[in-house]
Amino acid sequence: MKVLAPLMVAGAGLASAHTIFQSLEVGGVNQGQGQGVRIPSYNGPIEDVTSNSIACNGAPNPTTPTSKVITVQAGSNVTAIWRYMLSTTGSAPNDVMDSSHKGPTIAYLKKVGDATTDPGVGDGWFKIQQDGLGSDGVWGTERVINGQGRHNIRIPQCIAPGQYLLRAEMIALHGAGNYPGAQFYMECAQINVVGGTGTKTPSTVSFPGAYKGTDPGVKLSIYWPPVTNYVVPGPSVFTC
Ligand SMILES: *[C@@H]1O[C@H](CO)[C@@H](O)[C@H](O)[C@H]1NC(C)=O
Ligand SMILES: [Cu+2]
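Nothing here was measured: the structure is a model prediction, and the numbers come from that model.

## Some remarks on the sheet that holds strand β2 (residues 29–30)
And then number 1: Read from one edge to the other, the open sheet built from four strands follows the order β2-β1-β4-β7, with strand pairing classed as antiparallel. Of all strands in the sheet, those with a lone pairing partner are β2 and β7 (150–154), marking the two edges.
And then number 2: By the bridge criterion, two bridges tie strand β1 (residues 20–26) to β2 in an arrangement that is antiparallel. For valine 26, the partnering residue across the bridge sits in β2 and is valine 29.

Below, the structure is given as structure tokens:
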């Protein structure tokens, strides 16, 4: 039993080794945990792509409202900061997410009237960033796990100014051989984009709706045969 005990502890840690997008860094300044980001107290994933909670998280992980709207310059980069739990203080790989959680990182925007109250559910979302499986065989989530939980996202220059929800996402595919199985981690930040030219209007998708349980990037085994051409779920990335 003395030998088994540490293994059981390790196993229990793995089963719940999830993650939360907790804060947004803008212009090198971290805005604070839950400041302008709707964070849940529990770090578990959403697995049902038809659930309203696939938009900005929520039941069974209720999120806490925040009155802050973060000003962001169009054309600049922001950084979503991911940590294992709200109480996590470090930024080592295990403080971000368990290394078993391989998959893409993705970001979307949705133009809204009031970022503090818009539920995010429904149409209006466009994809602004994705990082799937690199040619080096390294997954997007691994780059964030090994990069202090930092998820780099460029806010397009050509979008209209105004309030948006920023949905940052990591998908863990270690159990994706069946559906449901892929683990979707996402939170929404509330931002006010200034300086956008508004010269291009993105086509949009809906959450729920953008992902299907049969998508090749949602239902797949990442173990064997080796994945060579991973197709990130959702629409193509909007560019200016
Ligand atoms: C800005 O973010 C994008 C991803 O959206 C990334 O490809 C690019 O390297 C970042 N630029 C800088 C200067 O960090
Ligand atoms: Cu997990």
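## Describing the side chain of glutamate 142
And then number 1: Structurally, the position occupied by glutamate 142 is in helix α4 (residues 140–145).
And then number 2: According to the relative accessible area criterion, glutamate 142 is buried, its value standing at 18%.
And then number 3: One polar contact links the side chain of glutamate 142 to the main-chain amide nitrogen of tryptophan 139, over a distance of 2.8 Å.
And then number 4: With residues up to four places along the chain from it excluded, the contact list for glutamate 142 reads Lys102 and Gly137.

## Digging into the coordination of the copper ion (ligand 2)
And then number 1: The coordination sphere of the copper ion (ligand 2), as far as protein atoms go, consists of His18 (ND1), His101 (NE2) and Tyr185 (OH), spread over 2.0 to 2.5 Å.
And then number 2: Binding-site remark: the copper ion (ligand 2) is held by donors from one chain whose sequence spacing is H-x82-H-x83-Y. Highlighted residues: histidine 101 in the loop between α3 (93–96) and β5 (105–111) and tyrosine 185 in strand β9 (residues 183–194), separated in sequence by 84 residues. Each member of the pair, histidine 101 as well as tyrosine 185, carries the same accessibility label: buried.

## Remarks on the sheet that holds β9
And then number 1: Read from one edge of the open sheet, six strands run β3-β9-β8-β5-β6-β10, paired in mixed fashion. Every interior strand has two partners, whereas the edge strands, β3 (70–73) and β10 (205–207), have only one. Direction aside, the axes of adjacent strands within the sheet are offset by 50 degrees on average.
And then number 2: Summarising the sheet, strand β6 (residues 122–131) and β10 pair through two bridges and their orientation is antiparallel. Looking at β10, one finds that tryptophan 125 is bridged to valine 205.

## Brief notes about the pairing of β3
And then number 1: Judged by which residues are buried, β3 turns out to be one-sided: Ile70 and Val72 face inward and are buried, whereas Thr71 and Gln73, on the alternate face, are not.
And then number 2: Bridge count between β3 and β9: four bridges; the pairing is parallel. Among the inter-strand pairings, glutamine 73 is bridged to a residue of β9, identified as valine 194.

## With respect to the pattern of salt bridges
And then number 1: This model, assessed by the stated rule, comprises six salt bridges.
And then number 2: The partner of aspartate 118 in a salt bridge is lysine 110, and the shortest N-O contact between them spans 4.0 Å.
And then number 3: Arginine 143 serves as the salt-bridge partner of aspartate 136, at 3.4 Å between the closest nitrogen and oxygen.
And then number 4: Looking at aspartate 136, the relative accessible area reads 53%, which means it is exposed.
And then number 5: Among the charged side chains, a network of salt bridges with common partners joins Asp131, Asp136 and Arg143.

## Thoughts on the nonpolar core
And then number 1: Membership of the largest hydrophobic core comes to 34 residues, with the highest contact counts inside it found for Leu24, Trp82, Ile153, Ile155, Leu166 and Ile191.
And then number 2: The element contributing the most residues to this core is strand β8 (residues 162–172), with five residues.
And then number 3: When neighbours within four sequence positions are excluded, leucine 166 is seen to be in contact with Phe21, Leu24, Val78, Ala107, Tyr108, Leu109, Ile128, Ile153, Glu187, Cys188, Ala189 and Ile191.
And then number 4: Counting 27 residues, the second largest nonpolar core, distinct from the first, contains Ile106, Trp125, Trp139 and Leu165.

## Structural notes on the state of the cysteines
And then number 1: For the structure shown, the criterion picks out two disulfides.
And then number 2: Sulfur-sulfur distance for the disulfide between cysteine 56 and cysteine 188 comes to 2.1 Å. Residues cysteine 56 and cysteine 188 are joined through a disulfide that is left-handed, its torsion about the S-S bond being -85 degrees. With a gap of 132 residues between them, cysteine 56 in helix α2 (residues 53–56) and cysteine 188 in strand β9 connect regions that are remote in the sequence.
And then number 3: Note on cysteine 56: relative accessible area 4%, which makes it buried.
And then number 4: With a relative accessible area of 0%, cysteine 188 lands in the buried category.
And then number 5: In this model cysteine 158 forms its disulfide with cysteine 240; the gap between the sulfur atoms is 2.1 Å. What sets the handedness of the cysteine 158 and cysteine 240 disulfide is the S-S torsion sign, and at about -85 degrees it is left-handed. Remark: cysteine 240 occurs in the segment after β10 and cysteine 158 occurs in the loop between β7 and β8; sequence separation between them is 82 residues.
And then number 6: Counting only the cysteines that take part in disulfides, in the order they occur along the protein, gives the pairing 1-3, 2-4.

Definitions and limits used
- Residues numbered from 1 in each chain as written.
- Chains lettered and ligands numbered in written order.
- Predicted model: local features only at pLDDT ≥ 70, side-chain atom pairs only at ≥ 80, totals over all residues.
- Heavy atoms only, no water.
- Pairing = 2+ DSSP bridges.
- Helix = DSSP H or I, 4+ residues; strand = E, 2+ residues; numbered from the N terminus.
- Buried < 20%, exposed > 50% of the residue type's maximum accessible area, 1.4 Å probe, protein only.
- Polar contact = N/O pair within 3.5 Å; in protein donor to acceptor, adjacent residues only side chain to side chain.
- Contact = heavy atoms within 4.5 Å.
- Donors = N, O, S within 2.8 Å, 3.2 Å for Na, K, Ca; no water.
- Axes fitted to C-alpha atoms, helices over the stretch in contact; angles between N-to-C directions.
- Salt bridge = Lys/Arg side-chain N within 4 Å of Asp/Glu carboxyl O.
- Core = buried A, V, L, I, M, F, W, Y, C linked by side-chain atoms within 4.5 Å.
- Disulfide = S-S within 2.5 Å.

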